[in-house]
Amino acid sequence: MADMRAFRDAVTDWAAGSPGGPAGELAVRLRVRTAVLLEGLSDLAAVEALAVRHGRDLPAEGVCVIPMGGAMNIGRYADLLGPPGLGLRLAGLCDQGEQPFYDRGLDRARAAREGFFVCAADLEDELIRALGVARIEEVLRTEGDLQAWRTFVRQPAQQGRPPQQQMRRFLGTKKGRKIRYGRLLVEALDSERVPAPLHDLLANL
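In this report, the structure presented in the accompanying data block is examined.

Rules used in this analysis
- Residues numbered from 1 in each chain as written.
- Predicted model: local features only at pLDDT ≥ 70, side-chain atom pairs only at ≥ 80, totals over all residues.
- Heavy atoms only, no water.
- Pairing = 2+ DSSP bridges.
- Helix = DSSP H or I, 4+ residues; strand = E, 2+ residues; numbered from the N terminus.
- Axes fitted to C-alpha atoms, helices over the stretch in contact; angles between N-to-C directions.
- 1 Å grid on protein atoms, 1.4 Å probe; cavity = no way out; pocket = protein on both sides within 12 Å on 5 of 7 lines; lining within 4 Å.
- Points joined across faces, edges and corners; volume = space filled by probe spheres on them.
- Nonpolar A, V, L, I, M, F, W, Y, C, P; charged D, E, K, R; others polar.

Across the sheet, which stays open at both edges, the four strands sit in the order 2-1-3-4 with parallel pairing between neighbours. Lying at the two open borders of the sheet, with one neighbouring strand each, are strand 2 (63-67) and strand 4 (116-119). Across this sheet, the average inter-strand angle for adjacent strands is 15°, counted without regard to direction. Across four bridges, strand 1 (residues 34-38) lies against strand 3 (residues 89-95) in parallel orientation.

Spelled out as structure tokens, the structure:
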């Protein structure tokens, strides 16, 4: 796992303008075959948590999950890791609203789209709809965040908004909360309630 994190870090540095040699060398040494491109760290936490639930060791399988720091970076990462660069198989998740960025980036890199799956709004929204607000409140209670949630929904700006929208906003109101709950919500899912984009991504790795 530590070595695959080193590859992930080398790719991030490469995308930011550093030389690509270290990433290329690690890709060969670690026998990386697939790069899973995700928008951010909360998506990373969710995908890694689901892999653990299914008994998958993605690094041992040559799969590296990489948060890109935003959907608009897909073209850069596809160029570096796909056919124009390291020649890895690419996979990932994207939000429906960001799909045009992915389409253009993958087309430019001559990369296949078959490994990419689309979330209706974003992955948090998919998880909230799969679990339901009542079940998430149980998780919030366990984590000590239930009172913060109840205070949040009493705010004037939240009045009249559907509970699922309120929950989605709540998860993004504190630094690090989306990342932590990306893992916790996946762990709370019943096996038959895993959102289709997340299920299909893991099944195709």
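What follows deals with the layout of surface pockets. Taken as a whole, the second largest pocket holds about 170 Å³ of empty space. Taken together, Glu39, Gly40, Leu41, Ser42, Asp43, Asp95, Asp122, Glu124, Gly176, Arg177, Lys178 and Ile179 make up the lining of the second largest pocket. Within the residue set of the lining of the second largest pocket, elements represented by two or more residues are helix 3 (41-53) and helix 10 (177-188). When the residues that make up the lining of the second largest pocket are grouped by side-chain class, the tally is two nonpolar, three polar and seven charged.

These results come straight from atomic positions and should not be treated as a statement about function.
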